[in-house]
Amino acid sequence: MPRSKPTFMSWERPTPSQAKPTAPAPRSYAPVSLGEIKELAGVGRPTVSNWRRRHSREVLQGANDSRRPFPDPIPGAGSESKPLFDAAEIADWLDLRAVPDAEPDENGRLPTYGDRFRRALRLRGLVALKHRLGSADTVISQALAVIAMSSEGKGWIPEYLPEGLLAEYEGADPDVVRAAHELMDEIGAPGWAADALLGLDDEGLEIARRLESDLVMDITPRGVAALVAALIGPNEGGPDQRSTISLCAGLGELLLAMGGGPYEDLRGHGELVAVEPDPLLRKLLRYRLMSYEAGSVDVCASPSDLDTARDWGGVSGKPYAFSHADIVLADPPYVSGERERDAEGPLWWAAEAVRRLEPGGRAYAVVPTWTLTRTSGTGPTSVRTPTIGMRQALLERGCVEAIVQLPRRINPFRTGAEYALLVLRPPSDVPGSVLLVDADRITQRTAGDADEWIERTVALTLPGVVPEPEEGSSDKAAYDRRDARRVSVRPSVRGGEHLLDNRSVLPAHRLAAPEPRVDHFEETLSARRAAAAAMPQLRDWLGKMGIAKRDVPIRHRKLDEHLRGGQLTLLNGHRIKEADIRDAGLPVVGREEMLGELPVGARRIAPEDLAAYTSAKITEKGDVVLLAEHGVRCQVDAAGGCVLLAPVQGLRIAAYRDHVRNVALGEPVRPDALWMRPHSLAQLLQAPRNQHRGSGSLVRRVSVRDMDLPQLSADEITELEEILTEAERLRADVRRQLEALDRLAERVSAGVADGDLALRRR
């Protein structure tokens, strides 16, 4: 294993090239106007005018007030209408004014407007440097070189410094050197100052925004880094520490998080090496590691470098390879749809992480969720992309221990992309099962509290918390199926769920979400009693409704199985130009109609206009129309003849057309001739277990193919359909009564308001 590079002992004197002055003279900022004071202090213009008027020298002297007056304008600078002030004097005066409702720091000190003012001045100076030096990357690189040399670099032998660091440090612009030292002085540590420059903390985000730096776009989010660090566990010290390889290391977020967060060091964590293909990120990572006194971590350009025998600075001086480690990290910077057909896509890095594992080791790879949802199709022209092939291979070889779906919008710069964390292990002859954890669902219940959702996710993800599935197990298993469940890689029982069934393996699509702690039997009886009290004329009908607890566990089948088996047909909505939608022709059903914002029939399309859309779908009687956004909403089309607008979809029961024809012709109908009925299908799809299967960071969409239905007998379906049909008829009657009452109240009030009606009690 590689050894740490040797460094100077404390008694060794730095070389002349390293003795560059580290205490530059205080910066002299340009004068500022009242408008600039307002902007830099983050207040309104009236506030600055009020400060100047109420704290002027004349007002305070007249009141014998000993408080410090507002600074006077610089003589001869600016004009009477636009005076200019010394920036340093303004900052000192603003130090006397604390920001209201601000939280004190760890030392109990309240932030002041002077802090805001100086920070904004520094940001303005960095922006000016960016324009002068040509790019934000140049400013950041030079400043990081200064910080690295001011930290660990000042004690290193020049030959061991990262290539180009000394030259960039000595050639840094004097204003960059001054800005870097001011940043270190204010923040308090070189590593923290480096994070601020890179946009890796709250203040740094503002710096990155002002500099228009895109380095922060691909950093590993803090929540992900904290989760991975918690899964790895704390460093216990001792000689046998776990070695680590960080693939696609970026700016080192996952690597530094292992030290207990980016504010700790990595000493005592075993041998470490990072791989970063991008030259700029590789250089900045080296500088950042040195700012945290972790410069001994070697940074390679390619995973193949790990297999090459080389001198890692070991005591023996013998070259050797660092090809495997106990912990492997990977966070390839890909977003939705990128490199799906690329042989070196996101899952290639996951496979590479597995290849680098020592026996008994663990890998943690961050991947976009689209790598887990893609399927190869079922037709003769189905295509198996490299991404699908790699996912199948990882599952078949038993390399996937857990799939953790990360909270939506966890990346503040890629809010439209979703991510998942793969916990990987070395290959096994027996794939076993994979633990699926929906951390997004946990986050929703914990109101986004980072510490709480990470704690719950870790508790579910670590071995021994969620037991292996038993054959024939039901939803009454002794663990919480809402958030985590183990699913077999290969089918353990005939017809059982497994992960090699060419469907999405995303936890949100796989995990059922039954209502927590609900006794359905008692709740249904209570609802029946309430309905009988509200509508006494229905007591006989309600009393005949037989309700009992089910003793035998029921099986569920995915809609995808029914679709592939031809029992259901999926009708996709179409996109129609707004100009073609009018008030005559066939009714259209879109998002507005499903949400109740428009009545069905208010929007229509003429048949001649519809002819231009050859793939548009028209519903038939009994089709179930559904909107699967932010939950599931379903309606049964009782008449047919409607045109579906995307994102609305439809489901057609294949046998229902013949059933309707036989009923119309008066032919006998066997109860088992129809496996599902429209109202039953609509209500079962809207059940809570399907409502929460959504994915998508901006719009939560539920995959129709990943919904499931209980396997009910023909008699149960017939009974359920009769209850639901009668309930829908009664609901329509009540709705008509309410509409009639609303119409009466509207006309009476309108007539009285216009003076045409006189009301009197008979």
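The structure displayed is predicted, hence computed values, not measured ones.

Definitions and cut-offs
Residues numbered from 1 in each chain as written. Predicted model: local features only at pLDDT ≥ 70, side-chain atom pairs only at ≥ 80, totals over all residues. Heavy atoms only, no water. Core = buried A, V, L, I, M, F, W, Y, C linked by side-chain atoms within 4.5 Å. Buried < 20%, exposed > 50% of the residue type's maximum accessible area, 1.4 Å probe, protein only. Helix = DSSP H or I, 4+ residues; strand = E, 2+ residues; numbered from the N terminus. Contact = heavy atoms within 4.5 Å. Pairing = 2+ DSSP bridges. Axes fitted to C-alpha atoms, helices over the stretch in contact; angles between N-to-C directions. Parallel < 35°, antiparallel > 145°, perpendicular 65-115°, else oblique. Left-handed = near helix turned anticlockwise from the far one by under 90°. Nonpolar A, V, L, I, M, F, W, Y, C, P; charged D, E, K, R; others polar. Salt bridge = Lys/Arg side-chain N within 4 Å of Asp/Glu carboxyl O. Arc of directions from axis to C-beta. Polar contact = N/O pair within 3.5 Å; in protein donor to acceptor, adjacent residues only side chain to side chain.

Regarding the nonpolar core
Alright, step 1. L227, V228, L289, L329, Y364 and L421 are the most contacted members of the largest nonpolar core, which totals 42 residues.
Alright, step 2. A total of 7 residues in this core trace back to one element, the largest contributor, which is helix α11 (residues 222–232).
Alright, step 3. Excluding residues that lie within four positions of it along the chain, L289 makes contacts with E152, L255, L256, A294, G295, V297 and V299.

Concerning the pairing of strand β10 (residues 433–438)
Alright, step 1. Burial within β10 is extensive, with 6 of its 6 residues counted as buried.
Alright, step 2. The side-chain alternation of β10 yields two buried faces, one formed by S433, L435 and V437 and the other by V434, L436 and D438.
Alright, step 3. Here strand β8 (residues 400–405) runs beside β10; their pairing, made up of 4 bridges, is parallel. Along β10, the bridge assignment pairs A402 with L435.
Alright, step 4. Of the pairings in the sheet, the one linking β10 to strand β11 (residues 484–488) comprises 5 bridges and is antiparallel in character. In the strand pairing of β11, V437 is matched with A484.

Details of the packing of α11 against helix α18 (residues 450–461)
Alright, step 1. Between α11 and α18, the shortest axis-to-axis distance is 10 Å and the interhelical angle comes to 40°. Of the possible angle classes, the one that applies to α11 and α18 is oblique. The two elements α11 and α18 cross, and the hand of that crossing is right-handed. Contacts between α11 and α18 involve G223, A226, L227, A230 and L231 from the former and W453, I454, T457, V458 and T461 from the latter.
Alright, step 2. Per-class residue counts for the contact of α11 with α18 are 7 nonpolar, 3 polar and no charged.

Quick look at the pattern of salt bridges
Once the charged atoms of two side chains with opposite charge are near each other, the side chains can pair.
Alright, step 1. The final tally for this structure, using the stated rule, is 40 salt bridges.
Alright, step 2. Because the salt bridges share partners, they merge into one network encompassing R132, D173, D175 and R178.

Describing helix α25 (residues 656–665)
Alright, step 1. For α25, the complete set of buried residues consists of Y656, H659 and N662. Seen from one end, α25 has its buried residues packed into an arc of 120°, which puts them on one side. In α25, the exposed positions angled more than 90 degrees off the buried face are occupied by R657, A664 and L665.
Alright, step 2. Buried residues along α25 sit in contact with β19 (649–653) and α26 (678–685).

Thoughts on the side chain of R689
Alright, step 1. Within the secondary structure, R689 sits in helix α27 (residues 688–691).
Alright, step 2. Here the side chain of R689 touches D708 through a polar contact of 3.0 Å, side chain to side chain.

Quick look at the sheet that holds strand β18 (residues 643–644)
Alright, step 1. Taking strand neighbours across the sheet as the criterion, the 3 strands line up as β15-β14-β18 in an open arrangement whose pairing is mixed. Looking at the sheet topology across the chains shown, the edges are occupied by β15 (604–605) and β18.
Alright, step 2. Pairing of strand β14 (residues 586–589) with β18, which is carried by 2 bridges, proceeds in the parallel orientation. In the strand pairing of β18, V588 is matched with V643.

Focus on the sheet that holds β10
Alright, step 1. The 9 strands are arranged β5-β4-β3-β6-β7-β9-β8-β10-β11 in an open sheet whose pairing can be described as mixed. The open sheet has two free edges, formed respectively by β5 (298–300) and β11, since each of these has just one partner strand. With strand direction ignored, the average angle separating the axes of adjacent strands in the sheet is 15°.
Alright, step 2. Sheet topology places strand β6 (residues 325–330) next to strand β7 (residues 357–368); 5 bridges connect them, and they run parallel.

Here we look at the pairing of strand β16 (residues 624–627)
Alright, step 1. Of the two faces of β16, the one holding V624 and L626 and the one holding V625 and L627 are both buried throughout.
Alright, step 2. The pairing of β16 with strand β17 (residues 633–636) spans 4 bridges and is classified as antiparallel. Along β17, the bridge assignment pairs L626 with C634.
Alright, step 3. Between β16 and β17, which pair antiparallel in sequence order, lie 5 residues; one of them, H630, sits at a positive phi of approximately 50°.
Alright, step 4. In this sheet, β19 lies alongside β16 in antiparallel orientation, the contact comprising 3 bridges. Counted as the bridge partner of L626 is Q649 from β19.

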